[in-house]
Amino acid sequence: MNTAIIQARMGSSRLPNKMMLHLHGYSVVEWVYSRVKKSSKVAQVVFAIPDTAQDDVLAWYLQSIGANIYRGSEADLVDRFYKAAKKYKASNVIRICADNPLVCASEIDRLIDFYSNNMCDYAYNHIPKDNRYPDGLGAEICSVDVLQEIHNKATTSEHREHIFNYIWDNLSQYQIKTLDPPSELAHPYLKLDLDTMQDYNNLMNKPYDITMSASDIVSTALKR
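Quick caveat, the model's predicted, so the values are computed rather than measured.

**Observations regarding helix α9 (residues 214–222)**
- Among the residues of α9, Ala214, Ile217, Val218, Thr220 and Ala221 are the ones counted as buried. Angularly, the buried residues of α9 cover 160 degrees about the axis, an arc narrow enough to put them on a single face.
- Of the surrounding elements, those touching the buried residues of α9 are α1 (28–36) and α4 (105–117).

**Topic: unusual backbone geometry**
- If you check the backbone angles, histidine 24 has positive phi at about 50 degrees while not being a glycine.
- Positionally, histidine 24 belongs in the loop between β2 (22–23) and β3 (26–27).
- Take histidine 24: its relative accessible area is 28%, and that puts it in the partly exposed class.
- We note that lysine 89 has phi near 55 degrees; this positive angle belongs to a residue other than glycine.
- As for its placement among the helices and strands, lysine 89 is situated in the loop between α3 (77–87) and β6 (92–97).

**Topic: the pairing of strand β8 (residues 140–143)**
- Residues of β8 alternate between two faces, with Glu140 and Cys142 on one and Ile141 and Ser143 on the opposite face, all of them buried.
- In the sheet, β6 pairs with β8 via 4 bridges, with the strands oriented antiparallel. By the bridge assignment for β8, valine 93 is matched with cysteine 142.
- Bridge analysis of strand β7 (residues 122–124) against β8 gives 3 bridges, and the strand direction is antiparallel. If you follow tyrosine 122 over to β8, its bridge partner there is cysteine 142.

**Regarding the packing of aromatic side chains**
- Summed over the entire model, instances satisfying the criterion amount to 6 aromatic pairs.
- Ring centres of tyrosine 122 and phenylalanine 164 lie 4.6 Å apart, and the angle between their planes is 40 degrees; this geometry places the pair in the tilted category. With tyrosine 122 in strand β7 and phenylalanine 164 in the loop between α6 (157–161) and α7 (165–168), this residue pair connects regions lying 42 residues apart in the sequence. Taken individually, tyrosine 122 and phenylalanine 164 each receive the classification buried, so the pair is uniform in this respect.
- Taking 6.1 Å as the distance between ring centres and 85 degrees as the angle between the ring planes, the aromatic pair formed by tyrosine 122 and tryptophan 168 counts as edge-to-face. One end of the pair, tyrosine 122, is in strand β7; the other, tryptophan 168, is in helix α7, and 46 residues separate them in sequence.
- One aromatic cluster in this structure is built from Tyr122, Tyr124, Phe164 and Trp168.
- A cation sits over an aromatic face here: lysine 129 above tryptophan 168, 5.0 Å from the ring centre.

**Topic: the nonpolar core**
- Val36, Phe47, Ile96, Ile108 and Tyr208 are the most contacted members of the largest nonpolar core, which has 54 residues in total.
- Of all the secondary-structure elements, those providing two or more residues to this core are β1 (2–7), α1, β4 (44–50), α2 (56–64), β6, α4, α8 (197–204) and α9.
- Ranked by residue count, the leading element in this core is α1, at 6 residues.
- Not counting chain neighbours up to four residues away, the residues in contact with isoleucine 108 comprise Val36, Ser39, Val42, Ile94, Ile96, Val103 and Ala139.
- Val46, Ala90, Ile150 and Phe164 belong to the second largest nonpolar core, which has 26 residues in total.

**Describing the sheet that holds strand β5 (residues 68–72)**
- Strand order in the open sheet formed by 7 strands is β5-β4-β1-β6-β8-β7-β9, with mixed pairing between adjacent strands. Each edge of the open sheet carries a strand with a single partner, namely β5 and β9 (176–178). If you compare each strand with its neighbour and ignore which way they point, the axes differ by 25 degrees on average.
- Two strands pair when backbone bridges link them, and β4 and β5 are joined in this way by 5 bridges, in the parallel orientation. Across the sheet, the residue bridging to isoleucine 49 is arginine 71, located in β5.
- Of the strands in this sheet, β1, β4 and β6 are in contact with α1, which crosses β4 at around 155 degrees.

What counts and how
- Residues numbered from 1 in each chain as written.
- Predicted model: local features only at pLDDT ≥ 70, side-chain atom pairs only at ≥ 80, totals over all residues.
- Heavy atoms only, no water.
- Buried < 20%, exposed > 50% of the residue type's maximum accessible area, 1.4 Å probe, protein only.
- Helix = DSSP H or I, 4+ residues; strand = E, 2+ residues; numbered from the N terminus.
- Arc of directions from axis to C-beta.
- Contact = heavy atoms within 4.5 Å.
- Pairing = 2+ DSSP bridges.
- Phe/Tyr/Trp six-rings, centres within 6.5 Å; stacked < 30°, edge-to-face > 60°.
- Lys NZ or Arg CZ within 6 Å of the ring centre and 35° of its normal.
- Core = buried A, V, L, I, M, F, W, Y, C linked by side-chain atoms within 4.5 Å.
- Axes fitted to C-alpha atoms, helices over the stretch in contact; angles between N-to-C directions.

Here you go:
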């Protein structure tokens, strides 16, 4: 089962509580949830959030809009993701960061198709690394077996705090692949994610709509 697991928390150091910031009529986290749910290849969507008091309000809000949640370790993200995947009986895990309010279902689906048709352990299109994707439209994918292997083998804090750093630091053991977007989306210099107040201002200063397609998102981002 293709399961999208969305990584979200309230405790960002650069932009605290950003999940609940309002972006053109909806909270940031609702943008992510609404846009991921449109994927035709994802069978279920789960939020993996920390089990801290600070994140209680996020858990309450996500439940109020009908989202599935799993709460686990704040620091050990690998453990949180693996246990969320096991609880919801995932076969493939599509990792999505809630810092990407403009994530596009079409590009999640394109990634899933690519992963299904190419032999690899891990594939991605969420960042412009060896591809021409903008930063913030796509996702990452691996099987639950690969996630379990990471969970079993990763021991350092650097590898436990970031889901796929263990793979990137052991390239001889894993097959990693990526893909290019359609030509109308091929603008790798565009940064569409949300890390800082400046990013938030940039998103607010453009007339984005929660229902926009990937091509409309990119064309809106390009307009001065």
